[in-house]
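Below, each chain spelled out in residue letters.
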Amino acid sequence: MYVAVKGGGRAISAAHAWLDETRRGDTSLPELTVAQVEQQMGLAVDRVMAEGSCHDRFLAALAIKQAKGDLIEAAFLLRAYRTTLVRFGASEPVETSAMRLRRRVSATYKDLPGGQVLGPTFDYTHRLLDFALAAEGEARGEGPQAPAPVGEVPRVTELLAREGLMQREATDDAEPGDLTRQPLAFPAARPVRLQNLARGDEGFLLALGYSTQRGYGSNHPFVGEIRVGHVAVEFTPPELGFAIELGEIAITECQMVNQFKGSRTEPAQFTRGYGLVFGHGERRAMGMALVDRALRAEELGEDIAAPAQDAEFVLYHSDNIEATGFVEHLKLPHYVDFQSELENLRTIRRSAVAAEAARDGMAEAARDGTAEAAE
Amino acid sequence: MTGIDDPRASGTEGYNFAYLDEATKRMIRRAILKAVAIPGHQIPFGAREMPLPYGWGTGGIQVTAAILGPADVLKVIDQGADDTTNAISIRRFFTRVAGVATTESTAEASIIQTRHRIPEKALREDQVIVYQVPQPEPLSKLEPRRAETERLHALADYGLMHVRLYEDIARLGHIAKAYDYPVMVNGRYLMSPSPIPAFDNPKMDRMPALQLFGAGREKRIYAIPPYTPVRSLDFEDHPFRPIRAPHACALCGSTESYLDEVLTDDAGGRMFVCSDTDYCGERQVAVAQEAAE
Amino acid sequence: MTADLPQTSGRTPLLNAEGLTLRFGAIPALVDVAIDISAGEVLAIVGESGSGKTTLLRVLSGMMAPDAGTVRWLGDDLHAMGEAARRRLMRTDWGFVHQNPRDGLRLNVSAGGNVGERLMAVGARHYGRIREEAIAWLQRVEVDAARIDDLPRTFSGGMQQRLQIARTLVTRPRLVFMDEPTGGLDVSVQARLLDLIRGLSRELGLAVLIVTHDIAAARLLADRMLVMRRGEVVEHGLTDRVLDDPQHPYTQLLVSSVLAA
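Residues numbered from 1 in each chain as written. Chains lettered and ligands numbered in written order. Predicted model: local features only at pLDDT ≥ 70, side-chain atom pairs only at ≥ 80, totals over all residues. Heavy atoms only, no water.

*Asks:* Can you walk me through the interface of chain B and chain A in this structure?
*Replies:* Accessible area lost on assembly of the parts is the figure often given for the size of an interface. With 66 residues of chain B at the contact, the number on the chain A side is 52 residues. Salt-bridge contacts for Asp 310 of chain A lead to Arg 145 of chain B; the nearest nitrogen and oxygen are separated by 2.6 Å. Taken together, the links from chain B to chain A amount to 23 residue pairs in polar contact (both at pLDDT 80 or more). Looking at the side of chain B that touches chain A, the element that brings in the most residues is strand S12 (residues 270-274) of chain B, giving 5 residues. (Contact = heavy atoms within 4.5 Å. Salt bridge = Lys/Arg side-chain N within 4 Å of Asp/Glu carboxyl O. Polar contact = N/O pair within 3.5 Å; in protein donor to acceptor, adjacent residues only side chain to side chain. Helix = DSSP H or I, 4+ residues; strand = E, 2+ residues; numbered from the N terminus.)

Given below as structure tokens:
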């Protein structure tokens, strides 16, 4: 009887075997391949790469398969793998104005250098379930594609900055912080905040960004630009002394344009909120850009009144690997703490009951007129 | 699942001894050395993602991984017991990634990783106890901001903690904290002992073994060197008192150990048994031998 | 100390400052301000809102650093002594009474806990004695001792302010900064509170640096006063002298507006 209370090793092994079985599902159906996940669940793969903080489509797809489609679990698997990889150096900063674009839209200009490129998007689709997909029909034909812009496509924020309308970002040659090596500390510099947000939970970024639109931290944002595509990653090996290209990664960049009233020393101008994430993740990049701008409140002399402006609140709660672990750890046994609380509660109740009895006794004694009865 | 919890499972090729790479272990050991040098002070460290979830012992696991050698004998307990699921899982993890010997015997272990308890048997100088810590900041319930609590520690400004204890007495007649009961280490730093029951706090005081604390999610390491004074906060006229259920263990008869309450039916039936399974088992053997003689 | 300091009370000052200058953008908040205060002395800083008096209090109490100038506590440069030392001062030799009691109280802690906090911060560890001291102080500031375990949010504004004063004075500081302590209160409540502050400061020999826009309060409490306008000290002297024989046109205006009212 007593032994049954504590879990056994056999139970764990059996539970995990069952998990394997449920992952596979009905064996009369063909098994999902990692390549299928990678190809046909591409946006899930992108999200797992971003939150897993590791740009590798194959590993992300494998993690999704292993996690039975639980994307936070998949990101966790990827993070735990990533942590064991040897770091041999840091790349050069990627140049997004040289991005090989798949998509590039601006909400602030109808047309602009490089043009509006809609790319593959859910925008403007009618959200009607497409039963033709259920029929697993033939592959649909290729969509017509306009030729992508070639060469450098200037960023909208840069166009504004040239006119003095957009605040220039302070340049800083200091080595940016790295959350995978050093823990958060406050005040957290912007590069650290951005790194934190780039890996942050998409739902959390979305909700916080949304809250700034609803008045919790005034932002007045415009999408200056969203661009999705591939950028080259370059690395300078110390022994060579010049940069070599390692390959390309897929990223999404969002630059939000926000009003700024100006101050006595600075004329009114726009300020930016910045989002940059792995893969195709517009919602994530936009949420990130909104939250980034909100977190600049202090630097821009704005009141810190809303959750999205509170750096400690945002940065300590954005990571869904940390969050899911700690929330789910409540499933672990807490017998010992609970037992001490039980004893504590019983003691408090006993002393309260005793005090009440003593009061009753006193009242009775007073009625009887015998002081001794109160003792 | 390529079960981390299945010691026979393969798939650890390519991983370093004890999972973490040597550079990471060195970083953690540096944090531990700092922590030992400033007893009770929380040292930030670059905690890594581990293959176990945050809140399930990642801090303790990283500390253990950093100090573990091939000759070590590891004991892992959760709630005092070697056979709780998470203890089994962590023990298997180290069996798998480090191949070290494990034990359930407190006396035989060189490293004891624990969640929520200190073993009943007194620890020795040649042992290290590693605590898993969910929230290293003892002031977090009173002041959620790190930047502010760090300042309070730097200034040893702990009046707020005493206010909390004062309020308990004013409201309830005594201090209501039953576990994770705050302690002063070496007369300087206020420290969370991790969520061990207050019953275990006195064992920390001047303990011969090195005590290490790892908080993975919060990315802090702290330590109590051997024989360091550790005092539970209290008032002169409301002294600290460890609480245990006022019963004897139903299995070994101990009236000194910390007890778990086990419900035996749905009609209020219950029994109390030692939470420390090794201690209880040893006593049962001793009692049986005595009876046989 | 330099010779061109304004008139002092002649004793060794607890706190003295010279050359304090601070700007907020284009706005001068403090312009070459000098000030000193001695043990047991009550000094009022008066002026309209925006005159820089609250800023001066914040700089003198170390909460804000000036662009130029020094503040000395018993001869030590306040802004050079480091935060640890300043915080220690704030919970031992100094006290601060805020205009809004909510800024100076812990609203989720009982009245007794509020009064006891400073005692515990300096090492008191006997619950019974902390409680006795808290009861004594509640009585002293005329708060019903039966309310010792109630939360301050259930108190009236005047009671909250008296509780804040008890909480500040319990460790017997040498210097108390007060920022419009009667600010948000009814006139009748104000008068009682001013009497209380006057009584306590005499009894305990406190030095008090009080910022107020209320000339009547300054006359009642202060030994000396200092009149500020646009960040500058325009007049400074014994309270009776300044109020009965104001020299600066601005002081004359202030005094006459009170008399006219």
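From this point on, the discussion continues.
*Asks:* How should I be thinking about helix H4 (residues 146-154) of chain B in this particular structure?
*Replies:* Since the α-helix advances by 3.6 residues per turn, residues separated by three or four positions end up pointing in the same direction. All of the buried residues along H4 of chain B are Arg 146, Thr 149, Leu 152 and His 153 of chain B. Down the axis of H4 of chain B, the buried set is contained in an arc of 120°. They therefore lie on one face. Of the surrounding secondary structure, the elements contacted by the buried residues of H4 of chain B are helix H12 (311-317) of chain A, strand S7 (189-191) and strand S9 (220-224) of chain B together with helix H2 (83-91) of chain C. Backbone geometry just downstream of H4 of chain B places Ala 156 of chain B in the positive-phi region, at approximately 50°. (Buried < 20%, exposed > 50% of the residue type's maximum accessible area, 1.4 Å probe, protein only. Arc of directions from axis to C-beta.)

*Asks:* Looking at this structure, how should I read the state of the cysteines?
*Replies:* Two cysteines, two sulfur atoms, one covalent bond between them: this is a disulfide. By the definition in use, this model includes 0 disulfides over all chains. In this structure Cys 274 of chain B is not part of a disulfide, and its nearest cysteine sulfur, from Cys 252 of chain B, lies 3.5 Å away. (Disulfide = S-S within 2.5 Å.)

*Asks:* Help me out: how do you make sense of the sheet that holds strand S10 (residues 230-232) of chain B in this one?
*Replies:* Paired through their backbone hydrogen bonds, the strands of a sheet run either parallel or antiparallel. Residue and element names in this part refer to chain B. Here 3 strands make up an open sheet; going across it, the order is S7-S6-S10 and the pairing antiparallel. The open sheet has two edge strands with one neighbour each: S7 and S10. Neighbouring strand axes in the sheet, compared pairwise and without regard to direction, differ in orientation by 30° on average. Sheet topology note: the strand S6 (residues 183-185)/S7 ladder contains 3 bridges and is antiparallel. Considered in S7, the bridge of Val 183 is made with Met 191. (Pairing = 2+ DSSP bridges. Axes fitted to C-alpha atoms, helices over the stretch in contact; angles between N-to-C directions.)

*Asks:* Would you explain the environment of Glu 235 of chain C in this entry?
*Replies:* All names here are of chain C. Residue position: Glu 235 is located in strand S10 (residues 232-238). When its relative accessible area of 5% is taken as the criterion, Glu 235 is described as buried. Taking the C-alpha atoms as reference, Glu 235 lies 8.2 Å from Met 225; in sequence the two are 10 residues apart. Apart from residues no more than four positions distant in its own chain, Glu 235 is found in contact with Met 225, Leu 226, Val 227, Arg 241, Val 242, Asp 245, Pro 246, Gln 247, His 248 and Thr 251. Only 2.8 Å separates the side chain of Glu 235 from the side chain of Arg 241, close enough to count as a polar contact. From its side chain, Glu 235 meets the backbone nitrogen of Gln 247 in a polar contact 2.9 Å long.

*Asks:* Sorry, what's going on with the confidence of the model for chain C here?
*Replies:* Caution is warranted with low-pLDDT regions, since their predicted coordinates should not be read in detail. For chain C, mean pLDDT is 88; residues scoring 70 or higher make up 94% of the total. Confidence drops under pLDDT 50 across residues 1-9 of chain C; counting only partners more than four residues distant or on other chains, this segment forms 18 contacts. (pLDDT = per-residue confidence, 0-100.)

*Asks:* How should I be thinking about the sheet that holds strand S4 (residues 68-73) of chain C in this particular structure?
*Replies:* Residue and element names in this part refer to chain C. Taken in spatial order, the 4 strands of this open sheet run S2-S1-S4-S5, and their pairing is antiparallel. Either end of the sheet is taken by a strand with one partner, and the two such strands are strand S2 (27-38) and strand S5 (76-77). Contacts from helix H1 (residues 53-60) reach strand S1 (13-24), S2 and S4 within the one sheet, and its direction differs from that of S1 by about 125°.

*Asks:* What am I meant to see in the pairing of strand S2 (residues 73-78) of chain B here?
*Replies:* Along a regular strand, successive side chains alternate from one face of the sheet to the other. Residues and elements named next belong to chain B. Of all the 6 residues making up S2, 5 are buried; the element is thus mostly covered by neighbouring parts of the structure. Taken together, the 2 bridges between S2 and strand S3 (residues 101-102) define a ladder with parallel strand orientation. Across the sheet, residue Leu 74 finds its bridge partner in S3, namely Thr 102.

*Asks:* I keep staring at the packing of aromatic side chains and nothing clicks. Help me out?
*Replies:* Aromatic rings considered in pairs are described by the distance between their centres and by the relative angle of their planes. Applying the stated criterion to the full structure yields 13 aromatic pairs over all chains. Ring plane angle 45° and centroid distance 5.4 Å describe the contact between Phe 199 of chain B and Tyr 258 of chain B, whose orientation is recorded as tilted. A residue pair is termed long-range when its members are at least 10 positions apart, and Phe 199 of chain B in the loop between S7 and helix H6 (201-204) and Tyr 258 of chain B in the loop between S10 and strand S11 (259-263) qualify at 59 residues. The pair Phe 199 of chain B / Tyr 258 of chain B is uniform in exposure class, with both members buried. Residues Phe 235 of chain B and Tyr 127 of chain C carry aromatic rings whose centres are separated by 6.0 Å and whose planes lie at 70° to one another, so their mutual orientation is edge-to-face. Here Tyr 127 of chain C lies in helix H5 (residues 127-140) and Phe 235 of chain B lies in the loop between S10 and S11, a pairing that spans two chains. Neither Phe 235 of chain B nor Tyr 127 of chain C differs from the other in exposure class; each is buried. Between the NZ or CZ atom of Arg 188 of chain B and the centre of the ring of Tyr 189 of chain B, over which it lies, the distance is 4.2 Å. (Phe/Tyr/Trp six-rings, centres within 6.5 Å; stacked < 30°, edge-to-face > 60°. Lys NZ or Arg CZ within 6 Å of the ring centre and 35° of its normal.)

*Asks:* Would you explain the pairing of S10 of chain C in this entry?
*Replies:* Residue and element names in this part refer to chain C. Bridge count between strand S9 (residues 224-229) and S10: 6 bridges; the pairing is antiparallel. Note that in S10 the partner of Met 228 across the bridge is Val 233. Counting the residues in the hairpin turn of S9 and S10 gives 2 residues, including Arg 230, whose phi is positive at 45°.

*Asks:* It is not clear to me how helix H6 (residues 71-82) of chain A should be interpreted in this structure. Could you clarify?
*Replies:* Residue and element names in this part refer to chain A. The terminal C-alpha atoms of H6 lie 16 Å apart, and with 12 residues this matches the ideal 16 Å at 1.5 Å per residue to within 8%. Regarding H6, the residues found buried are Ala 74, Ala 75, Phe 76, Leu 78, Arg 79, Ala 80 and Arg 82. Summarising the contacts, the buried residues of H6 are in contact with helix H4 (42-52), helix H5 (57-66), helix H9 (190-199) and helix H13 (320-328). Put simply, Asp 70 is the residue that caps the front of H6, since its side-chain oxygen is 3.2 Å from the backbone nitrogen of Ile 72. (Expected span 1.5 Å × (residues − 1).)

*Asks:* Is there a simple way to explain the nonpolar core in this structure?
*Replies:* Nonpolar side chains tend toward joint burial in soluble globular proteins. Core analysis: the largest hydrophobic core is formed by 67 residues, its most contacted members being Phe 235 of chain B together with Val 115, Trp 137, Val 141, Ile 165, Leu 169 and Met 225 of chain C. When residues in this core are grouped by element, the largest group, 6 residues, is from helix H7 (residues 187-204) of chain C. Counting 34 residues, the second largest nonpolar core, distinct from the first, contains Ala 47, Leu 74, Phe 94 and Val 97 of chain B. (Core = buried A, V, L, I, M, F, W, Y, C linked by side-chain atoms within 4.5 Å.)

*Asks:* Where do I start with the domain arrangement of chain B in this structure?
*Replies:* Residue and element names in this part refer to chain B. Each assigned domain of chain B is listed with its residue range as follows: domain 1 (7-232) and domain 2 (244-293). The straight-line distance from the C-alpha centre of domain 1 to that of domain 2 is 27 Å. Buried area between domain 1 and domain 2, both sides added, is near 940 Å², and the carbon and sulfur share of it is 48%. For the pair domain 1 and domain 2, the number of links is 1 salt bridge. Across the salt bridge formed by Glu 282 and Lys 121, the nearest N and O atoms sit 3.0 Å from each other. Where domain 1 meets domain 2, there are 8 residue pairs in polar contact (both at pLDDT 80 or more). Here the side of domain 1 that touches domain 2 is composed, by residue class, of 4 nonpolar, 4 polar and 7 charged. (Domains from an automatic or database assignment. Buried area = accessible area lost by both parts, 1.4 Å probe. Nonpolar A, V, L, I, M, F, W, Y, C, P; charged D, E, K, R; others polar.)

*Asks:* Looking at this structure, I do not really get the packing of helix H5 (residues 159-172) of chain B against H5 of chain C. What am I missing?
*Replies:* At their nearest, the axes of H5 of chain B and H5 of chain C sit 11 Å apart, and the two run at 85° to each other. Judged on the interaxial angle alone, H5 of chain C and H5 of chain B are roughly perpendicular. Seen from H5 of chain B, the contacting residues are Tyr 166, Ile 169 and Ala 170 of chain B; seen from H5 of chain C, they are Tyr 127, Ile 130 and Arg 131 of chain C. A per-class count over the contact of H5 of chain B with H5 of chain C returns 5 nonpolar, no polar and 1 charged. (Parallel < 35°, antiparallel > 145°, perpendicular 65-115°, else oblique.)

*Asks:* Even after reading the chapter, I still don't get empty space enclosed by the protein, so can you show me in this structure?
*Replies:* Over the atoms, a rolling probe the size of a water molecule traces out where space has been left empty. Counting across every chain of the model gives 2 cavities of 30 Å³ or more. Computed from the structure, the largest cavity encloses a volume of approximately 120 Å³. Lining the largest cavity are 16 residues, and of these Gly 55, Trp 56, Gly 57, Val 133 and Pro 134 of chain B sit closest to its centre. Where the lining of the largest cavity is concerned, the elements lending two or more residues are helix H2 (58-67) and strand S8 (210-215) of chain B. Of the residues assigned to the lining of the largest cavity, the class counts are 4 nonpolar, 9 polar and 3 charged. In this structure, the second largest cavity encloses a volume near 30 Å³. Residue lining of the second largest cavity: Arg 82, Thr 83, Thr 180 and Arg 181 of chain A together with Arg 48 and Glu 49 of chain B, and that is the complete set. A breakdown of the residues in the lining of the second largest cavity according to their chemical character gives no nonpolar, 2 polar and 4 charged. (1 Å grid on protein atoms, 1.4 Å probe; cavity = no way out; pocket = protein on both sides within 12 Å on 5 of 7 lines; lining within 4 Å. Points joined across faces, edges and corners; volume = space filled by probe spheres on them.)

*Asks:* Explain the pattern of salt bridges here, please?
*Replies:* Side chains that differ in charge, positive against negative, can pair when their charged atoms come close. Considering all chains together, one arrives at 75 salt bridges over all chains under this definition. Between Asp 178 of chain A and Arg 87 of chain A there is a salt bridge, with the nearest N and O atoms lying 2.5 Å from each other. Taken as a pair, Asp 178 of chain A in the loop between helix H8 (156-162) and H9 and Arg 87 of chain A in the loop between H6 and strand S1 (100-105) lie far apart in primary sequence, 91 residues in all. Owing to a relative accessible area of 39%, Arg 87 of chain A belongs among the partly exposed residues under this scheme. A salt bridge links Arg 224 of chain C to Glu 41 of chain C; the shortest N-O distance between them is 2.4 Å. Taken together, the residues Arg 224 of chain C in strand S9 and Glu 41 of chain C in the loop between S2 and strand S3 (42-46) connect sequence positions 183 residues apart. We note that Arg 224 of chain C, like Glu 41 of chain C, is buried. In the salt-bridge network here, residues are joined through shared partners; they are Glu 169, Arg 190, Arg 193, Arg 272, Asp 292, Arg 296 and Glu 299 of chain A.

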